[in-house]
Amino acid sequence: MLTGNESEQVVSTGISGLDQILSGLRIGDNVVWRVEDIDDYRRFVTPFVAAAVAQGRSIIYLRFGHHSPLVEEGQGVRVVRVDALRGFEAFTRHVWQLVAEYGRGAFYVCDCLTDLQDAWATDHMVGNFFRVICPFLYELDTVAYFALYPRAHSQVTLARIRDTTQVLIDVHRAGNESQIQPVKVWERQSPTMFLPHRQAQDQFIPVTDSSDATRLQALIELRHGQGQQLLDHWDQLFLNVSDPRMLEDDAAQQACLDQILPILISRDSRMLTLAQKYLSLEDLLAIRSRMIGSGYIGGKAAGMLLARAILLREDGACWQQRLEPHDSYYLGSDVYYAFLVHNRLWANVMLQRTASGYFEQAPLLRQAVLEGEIPQEIRQELERMLDHFGQYPILVRSSSLLEDGFGNAFAGKYESVFLVNQGSPEQRLTQLEQAIRQVYASSFSEDALVYRQQRGLADLEEPMALLLQRVNGRYQGQYYLPDAAGVGVSRNTFAWDADMDPAAGMVRLVMGLGTRAVDRIEGDHACVVALDYPHKRPFRNRDEAYRFSQSLVDLLNVADNQLQSRSLMRLSQECPHLPLSALGELDREATERARQLPDPAPVWRLTFDPLLRRTEFVPLLRNMLTTLEQAYEHPVDVEFTVHLGPDGEPTFNLVQCRPLAVLGPSQQVTLPEQIDEETLYFRTEGHFMGGNMDIRLDRVVQVDARQYAGLSISQKYEVAKLIGQICRADEERSTVLIGPGRWGTSSPELGVPVRFADISRIAVLVEVAEMGAGMVPDLSFGSHFFQDLVESSIAYVALFPNESSTHYHPQWLSSSNVVSLSAQELCTDEDEFDDAVSAVVRIYDLSAQPLRLVADVVSQRLLCYQADGG
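Computed from a predicted structure; not experimentally measured.

A. Summary view of the overall build of the chain. Broken down by element type, the chain carries 33 helices and 39 strands. The buried share of the chain, taken over its 870 residues, is 59%. For the chain, contacts bridging at least 24 residues in sequence account for 73% of all contacts bridging at least 6.

B. Highlighting the environment of Arg516. Along the chain, Arg516 turns up in helix H22 (residues 515-518). Residue Arg516 is classed as buried on the basis of its relative accessible area, which comes to 7%. Separated by 3.1 Å, the side chain of Arg516 and the backbone oxygen of Leu552 make a polar contact. Within the structure, Arg516 has its side chain in polar contact with the side chain of Asp554 (distance 2.7 Å).

C. A look at the environment of Glu187. By the secondary structure assignment, Glu187 is in the loop between strand E9 (177-185) and strand E10 (197-200). By relative accessible area, which is 67% here, Glu187 ends up exposed. In the structure, Glu187 is positioned 20 residues away from Val167 in sequence and 9.8 Å away in space, judged by C-alpha atoms.

D. Examining the packing of aromatic side chains more closely. Counted according to the given criterion, the structure contains 32 aromatic pairs. Ring geometry for Trp319 and Phe652: centres 6.0 Å apart, planes at 70 degrees, overall edge-to-face. With Trp319 in helix H14 (residues 316-322) and Phe652 in strand E27 (residues 650-659), the pair connects residues that are 333 residues apart, well separated along the chain. Taking relative accessible area as the criterion, Trp319 reaches 0% and is therefore assigned buried. With 6.0 Å between their ring centres and 45 degrees between their planes, Phe406 and Tyr632 make a pair best called tilted.

E. Spotlight on helix H7 (residues 155-164). Listed in full, the buried residues belonging to H7 are Thr157, Leu158, Arg160, Ile161 and Thr164. Looking straight down H7, one finds that the buried residues subtend no more than 160 degrees of arc, so they occupy a single side. In this structure, H7 carries Gln155 and Asp163 as exposed residues pointing more than 90 degrees from its buried face. Buried residues in H7 make contact with strand E3 (30-34), helix H6 (123-139), strand E7 (143-148), E9 and helix H19 (376-389).

F. Spotlight on the side chain of Thr684. Inspection of the secondary structure puts Thr684 in strand E28 (residues 680-685). Taking the relative accessible area as the measure of exposure, Thr684 reaches 2% and is therefore buried. At 3.5 Å, the side chain of Thr684 and the side chain of Thr806 are in polar contact. Every residue in contact with Thr684, bar those within four places of it in the chain, is listed here: Val797, Ala798, Leu799, Ser805, Thr806, Gln860, Arg861 and Leu862.

G. Region of the structure containing the sheet that holds strand E17 (residues 474-476). Strand order in the open sheet formed by 4 strands is E17-E18-E22-E23, with antiparallel pairing between adjacent strands. For this open sheet the edge positions go to E17 and strand E23 (562-567), each flanked by a neighbour on one side alone. Taking each pair of neighbouring strands and ignoring which way they run, the sheet shows an average axis angle of 45 degrees. Sheet topology note: the E17/strand E18 (residues 479-481) ladder contains 3 bridges and is antiparallel. Looking across to E18, one finds that Arg474 is bridged to Leu481.

H. Structural detail: the sheet that holds strand E13 (residues 329-331). Pairing in this open sheet of 5 strands is mixed, and the strands run E12-E13-E16-E14-E15 from one edge to the other. A single partner strand is all that each edge strand has here, and the edge strands are strand E12 (291-292) and strand E15 (416-419). Across 2 bridges, the pairing between E12 and E13 is parallel. Bridged to Ile292 within E13 is Leu331. H19 contacts E12, E13, strand E14 (394-400) and strand E16 (464-470) of the sheet and is inclined by roughly 165 degrees relative to E13.

I. Here's a closer look at the nonpolar core. Among the nonpolar cores identified, the biggest contains 83 residues, and Leu62, Trp120, Val396 and Tyr440 are the most heavily contacted of them. Contact partners of Trp120, with chain neighbours within four places excluded, come to Ala84, Gly87, Phe88, Phe91, Met125, Val126 and Phe129. Core analysis: the second largest hydrophobic core is formed by 77 residues, Met271, Val529, Leu568 and Phe652 among them.

J. Broad picture of empty space enclosed by the protein. In total, this model carries 3 cavities of 30 Å³ or more according to the counting rule given. Roughly 40 Å³ of internal volume is contained in the second largest cavity. Forming the boundary of the second largest cavity are Tyr336, Arg353, Tyr414, Ser443, Phe444, Arg452 and Glu462. Residue classes in the lining of the second largest cavity are distributed as 3 nonpolar, 1 polar and 3 charged.

K. The packing of helix H13 (residues 299-314) against helix H28 (residues 617-632), seen in detail. Taken N-terminus to C-terminus, the directions of H13 and H28 make an angle of 105 degrees; their axes are 10 Å apart at the nearest point. With respect to their mutual orientation, H13 and H28 come out roughly perpendicular. Residue-level inspection shows Gly303, Leu306, Ala307, Ile310, Leu311 and Glu314 of H13 in contact with H28, the latter providing Met624, Thr627, Leu628, Ala631 and Tyr632. Looking at the contact of H13 with H28 residue by residue, the class counts come to 8 nonpolar, 2 polar and 1 charged.

L. Structural view of the pattern of salt bridges. Applying the stated criterion across every chain, the model contains 30 salt bridges. Between Arg384 and Glu381 there is a salt bridge whose closest N-O contact spans 2.7 Å. Here Arg384 and its partner Glu381 are both found in helix H19, 3 residues apart, which amounts to about one turn of the helix. The exposure class of Arg384 is partly exposed, given its relative accessible area of 34%. A relative accessible area of 26% means that Glu381 is categorised as partly exposed. Here Arg397 ties to Glu639 by a salt bridge, and the two come within 3.4 Å at their closest N and O atoms. Taken together, the residues Arg397 in strand E14 and Glu639 in strand E26 (residues 636-644) connect sequence positions 242 residues apart. Here the two residues Arg397 and Glu639 agree in accessibility, since each one is buried. Here the salt bridges do not stand alone but share partners, grouping Asp404, Asp637 and Arg658 into one network.

M. Seen up close, the environment of Ser760. Within the fold, Ser760 resides in the loop between helix H31 (756-759) and strand E33 (764-768). Separated by 32 residues in sequence, Ser760 and Arg728 place their C-alpha atoms 9.0 Å apart.

N. Just the side chain of Ser294, in detail. Inspection of the secondary structure puts Ser294 in the loop between E12 and H13. Within the structure, the side chain of Ser294 is placed 3.5 Å from the side chain of Thr122, a separation counted as a polar contact. When residues no more than four places from it in sequence are discounted, the contact partners of Ser294 are Thr122, Trp234, Gly332, Ser333, Asp334 and Val335.

O. Examining the pairing of strand E37 (residues 841-845) more closely. Burial analysis of E37 places 4 of its 5 residues in the buried class, which makes it a mostly covered element. For strand E31 (residues 699-703) and E37, the ladder comprises 5 bridges, and the chain directions are antiparallel. Considered in E37, the bridge of Val700 is made with Tyr844.

Definitions and limits used
- Counting starts from 1 at the beginning of each chain's written sequence and moves along it residue by residue.
- Predicted model: local features are reported for residues with pLDDT of at least 70 only, side-chain atom pairs are reported and counted for 80 or more only, and whole-chain, interface and lining totals are derived from all residues.
- Excluded from the side-chain calculation are hydrogens and water; included are all heavy atoms of the structure.
- Strands are runs of DSSP state E lasting at least two residues, helices are runs of H or I lasting at least four, and both sets are numbered from the N terminus onward.
- Relative accessibility decides the category of a residue: with a 1.4 Å probe and only protein chains considered, values under 20% of the type maximum give buried, values over 50% give exposed, and everything between is partly exposed.
- Contacts are assigned to residue pairs that have any heavy atoms within 4.5 Å of one another.
- Within 3.5 Å is the distance limit for a polar contact, defined as a pair of N or O atoms, with the added protein rule that one can donate a hydrogen and the other accept it, and that residues adjacent in sequence qualify only through two side-chain atoms.
- In this analysis, rings of Phe, Tyr and Trp, with Trp reduced to its six-membered ring, are considered paired at centre separations within 6.5 Å, and the interplanar angle assigns stacked below 30 degrees, edge-to-face beyond 60, and tilted for intermediate values.
- As used here, the arc is the angular range of directions from the helix axis to the C-beta atoms.
- Any two strands with at least two DSSP-identified bridges between them are counted as paired.
- To get an axis, a line is fitted to the C-alpha atoms, and for a helix only the part in contact is used. The angle between two axes follows their N-to-C directions and goes from 0 to 180 degrees.
- Here, nonpolar core refers to any group of buried Ala, Val, Leu, Ile, Met, Phe, Trp, Tyr and Cys residues whose side-chain atoms link them within 4.5 Å.
- Site definitions follow a grid-based scheme: protein atoms alone, a 1 Å grid, a 1.4 Å probe that fits but cannot get out for cavities, and for pockets an open set with protein on both sides within 12 Å along at least five of seven lines, plus lining residues having an atom within 4 Å of a point.
- Grid points are joined across faces, edges and corners, and a volume is the space filled by probe spheres set on the points.
- Residues are grouped as follows: Ala, Val, Leu, Ile, Met, Phe, Trp, Tyr, Cys and Pro are nonpolar; Asp, Glu, Lys and Arg are charged; every other residue, Gly included, is polar.
- An angle below 35 degrees is read as roughly parallel, one above 145 as roughly antiparallel, one from 65 to 115 as roughly perpendicular, and any other as oblique.
- Any carboxyl oxygen of Asp or Glu that lies within 4 Å of a side-chain nitrogen of Lys or Arg is treated as forming a salt bridge with it.

Structure below.
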């Protein structure tokens, strides 16, 4: 007999015989019915709802299936529609919020879980949904009914659901008979509870005769077939595609493409159009053969594969020879969610998805992800991948759903991790798992979250897939590196000469790993080349070209098992077979001076002139960029490595392609013929980005170079923090931010180390060459930093006061018609800054008579002055 407290926890199924078998349901029970037909589930839902309503319970019916409704809305019953097509996260988040909103004691009826497969393509995610929601329902003292068709799911999913639920019941039909068999009833048992039971109206009679039970089981197996292999819906989908008969049926092939592309490649209509045109079923099967898990391969992987397919389709005669094959692997986006669920982080994810928790919860999640465990079934697949790559270095790259799409590059927002891939198999697997966690954790970085928020993407599903690539290169002694790498853009919006055609494109070239091509290089320079004038550089003479050439090379040190930078001079001494004569020039004067040293060595300068002048590199790259831009019907941005053959001719390994963020159509601008020098703030010829401009500026935030140079390292970081607060204090005001050296540097001695997120709402960014303080702008056109500027429509100007074409008058801001403000009074934050830090940052309010910045790209002239009447 039940005690008083126990009886309060007992809930009726609405069927007396079933209550007798189960000793009733308990508050907290999740009940899963494994059925063959939805009407079998309905037979148990109807009395359960009636009994619950009679007890005054609230019933929430979650409606998402394709079958007819199980429950009608009425007294005590509310029907809530949830859209599964929005994706796993959006669906699960919606259900989570509903459960939280209805709180303790509500009862739930859910449609058949199997129908979620049509929306998500894989039943592994059905299992993950249940693993998230079932414990939450249990915590809130609910009772919930679920159903699924067991033969439509894999054994892995069935096992996960069984392990998670409190009650699991099989429902079968055998001839004219209907029977149930409880499979799991948590914390309850009886001698006959788990036997099959024949139904006789409201009663269930246990089958106690083994002969009888065997005959019943034989009838069930006869009906469904014996030994049927239970496959994940995802695997079954690709098994159908691999059917040889598919090659003979164009309509069937097209139907498969229409079914698979939106769940594997992208949801974006423009990317899907490209995929429909250039990817075949053979391509999709090749992706599947190298895929770990299921779901999307992500924007970065999709962009790479589409670009390769476009080049091979549009100009196969050229690119079959010049494009190196790839053997990349793909960690599907579903694995990211499975990782979060496996490590019991979903409740934290739901908190982070709220407005109050968006930034607050992110550091906790980031740390939890770094400490998380990779699910065992994924670890086994990663071991298989490592067997394939052997001990070649691997690059673990982010490839999120929204990344590298039209309008959303996410350039540099998520991490990529190089693995030298040395050590025992166990050590290499441990290193790989840590790299995966590191990239996953970067999805909760502040820069990524700010970027998503500012671009209206904070509420969109953004699962993190991964692109796992063999690093292209060759061994040079203990080092491993490609001959060269670069970033190419099909539109040179950074042209520094009036003769240059923006449509010809531009490239940033480096020797070694491409990290130095995509990032602003601290104390170093990539080679910037306009593809229509490859020998014209933004320098006045050869000495300046040498001075601003690459002097450090990024590479992988096999002996030390890590990514490192080595000076070109040291590397040329250690590695005699480097292709220096194909990439640079011998500096004869410096070499002659080096002869006086104890260990003389030739001095090479990486000008890339031999590659540009003597090989097909330039026409090939122009062909690549033009072909891709035409296919995309949009300017593109590519990353590649270069492998030089014995004859010095290049082949390309294309590792990334995405739509290039560009500013809007250039406006017509007329520069004034003359201006009063007393109103001039600065002028320059060249060294600006943003197309034709005519911008009103209400505020100047300026960093004094001499005072900044005298600060300690910690104080310089405080300056960066102060500037971030100032820029956020009045984001509506049109601001020009001007300072010495390089904004956003990680080396405070080279400039102000602000994060891009802190300055993302300004109008104009100006870098000034303050030679006395040793801080010089980095004209790193094409880098992630400049991609951020373009995406945020921020104009860029570099000022070189020592050049005759540049006029810079910072003292003009001290005139009587400019209002000077205190840095501290604009900061609402509790942080206090010492006087030395505050004195470095000067703010000027010009709203009464604003500045006007005008620029013309044809004449390459830019003026910033105070116009009469504003």
